[in-house]
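Working through the structure, step by step
Below are the chains, spelled out letter by letter.
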Amino acid sequence: MVVGAAAFAWSGLYNIGADDHHTRPVFAVLQTLRDRSIHLRSEDLTVPNLDDPQLILKGAGQYAAMCTGCHLSPGVDDTELRAGMYPQPPNLSRVHVDPKEAFWVIKHGIKMSAMPAWGMAGHDDSTIWSMVAFLQKLPGMSPAEYKAIVAKAPPDEDMDDDHGATHAHDATHMRGMDMSGHHPEPATAGDAGHSQHEP
């Protein structure tokens, strides 16, 4: 079996192109391997207070700067980048994610996918937890609510954010915005969301 598997890999017969999807058995194996690996490595993490308004605000800015191209935002159904990806990243404006697993994935990334290890890119744990905090509030936000919270996000010199130029102007109009983070939450995407790779 080992020799056969090695011969098959060496043959190049398996199409690795993203426009030719995995067979169901291959996809199921990879999905199980990914989910179990993430769960095992994240289950003992200690979650900070994710309802801290300042943490949520910081996470909103980080998400807008780094995540929307793949994971979208309220009112955005797809991007040119995401349309060509396989498996497609989950739409995090519609999917609820486990805080511990989200932190681990953001920090360490996922091999053989487009999910980078943001911890290797200089993002400390506090910054990553801010993104996790924001992700707990994102599902159920309207496009207007999303734009408002991003406009109030603190500036970050490490971020190349298209929204950054509008922060100072828009913040003057957002000072009365509700920062409780409590928004109507839709039903979780369940297996549909988890069939795709995490954030």
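Coordinates for the structure precede this section.
These notes cover the structure that comes with them. Bear in mind the structure is a predicted one, so any value in this text is a computation, not a measurement.

**Considerations on the environment of Q136**
Assignment of secondary structure puts Q136 in helix α7 (residues 125–137). C-alpha of Q136 to C-alpha of V97: the two residues are 39 residues apart in sequence and 7.3 Å apart in space. From its side chain, Q136 meets the backbone oxygen of V132 in a polar contact 3.2 Å long.

**Considering the layout of surface pockets**
There is about 900 Å³ of room inside the largest pocket. Taken together, 29 residues line the largest pocket, and the ones lying closest to its centre are L30, I110, K111, M112 and S113. Here the lining of the largest pocket takes eight residues from helix α2 (residues 24–42), the largest share from any one element. Its residues assigned to classes, the lining of the largest pocket comprises 14 nonpolar, eleven polar and four charged.

**So, the nonpolar core**
The biggest cluster of nonpolar side chains holds 31 residues, and the ones touching the most others in it are Y63, I106, F134, L135, L138, Y146 and I149. Every element with two or more residues in this core is listed here: α3 (53–66), α6 (99–108), α7 and α8 (143–152). Take this core: its biggest share by element is seven residues, from α7. Non-local contacts of Y146, meaning those with residues more than four positions away in its chain, are made with Y63, A64, T68, S73, P74, F134, L138 and M141.

**A look at the pattern of salt bridges**
Summed over the entire model, instances satisfying the criterion amount to five salt bridges. A salt bridge links K137 to D51; the nearest nitrogen and oxygen atoms lie 2.8 Å apart. One end of the pair, K137, is in helix α7; the other, D51, is in the loop between α2 and α3, with 86 residues separating them in the sequence. Its relative accessible area of 9% is what places K137 among the buried residues. Linking D77 and R94 is a salt bridge whose minimum nitrogen-to-oxygen distance equals 3.0 Å. With D77 in the loop between α4 (68–71) and α5 (80–83) and R94 in the loop between α5 and α6, the pair connects residues that are 17 residues apart, well separated along the chain. Residue R94 is classed as partly exposed on the basis of its relative accessible area, which comes to 49%.

**Focus: unusual backbone geometry**
Going from Y86 to P87, the amide bond is cis rather than trans, its omega being -5°. Inspection of the secondary structure puts P87 in the loop between α5 and α6. Positioned with a positive phi, L72 is a non-glycine residue whose angle comes to about 65°. Here L72 is to be found in the loop between α4 and α5. Overall, L72 belongs to the buried group, its relative accessible area being 0%. Despite not being glycine, M112 shows a phi value in the positive range, around 55°. Looking at where M112 falls in the secondary structure, it is placed in the loop between α6 and α7.

**Comments concerning the packing of α6 against α7**
As a packed pair, α6 and α7 sit with axes 9 Å apart at the nearest point and diverge in direction by 130°. With respect to α7, the element α6 is oriented oblique. Along this stretch, α6 crosses α7, giving a crossing that reads as right-handed. Residues P99, A102, F103, I106 and K107 of α6 form the contact with α7, whose participating residues are D125, I128, W129, M131, V132, L135 and Q136. Of the residues that constitute the contact of α6 with α7, the class distribution is nine nonpolar, one polar and two charged.

Reading the values: the criteria
Residues numbered from 1 in each chain as written. Predicted model: local features only at pLDDT ≥ 70, side-chain atom pairs only at ≥ 80, totals over all residues. Heavy atoms only, no water. Helix = DSSP H or I, 4+ residues; strand = E, 2+ residues; numbered from the N terminus. Polar contact = N/O pair within 3.5 Å; in protein donor to acceptor, adjacent residues only side chain to side chain. 1 Å grid on protein atoms, 1.4 Å probe; cavity = no way out; pocket = protein on both sides within 12 Å on 5 of 7 lines; lining within 4 Å. Points joined across faces, edges and corners; volume = space filled by probe spheres on them. Nonpolar A, V, L, I, M, F, W, Y, C, P; charged D, E, K, R; others polar. Core = buried A, V, L, I, M, F, W, Y, C linked by side-chain atoms within 4.5 Å. Buried < 20%, exposed > 50% of the residue type's maximum accessible area, 1.4 Å probe, protein only. Contact = heavy atoms within 4.5 Å. Salt bridge = Lys/Arg side-chain N within 4 Å of Asp/Glu carboxyl O. Axes fitted to C-alpha atoms, helices over the stretch in contact; angles between N-to-C directions. Parallel < 35°, antiparallel > 145°, perpendicular 65-115°, else oblique. Left-handed = near helix turned anticlockwise from the far one by under 90°.

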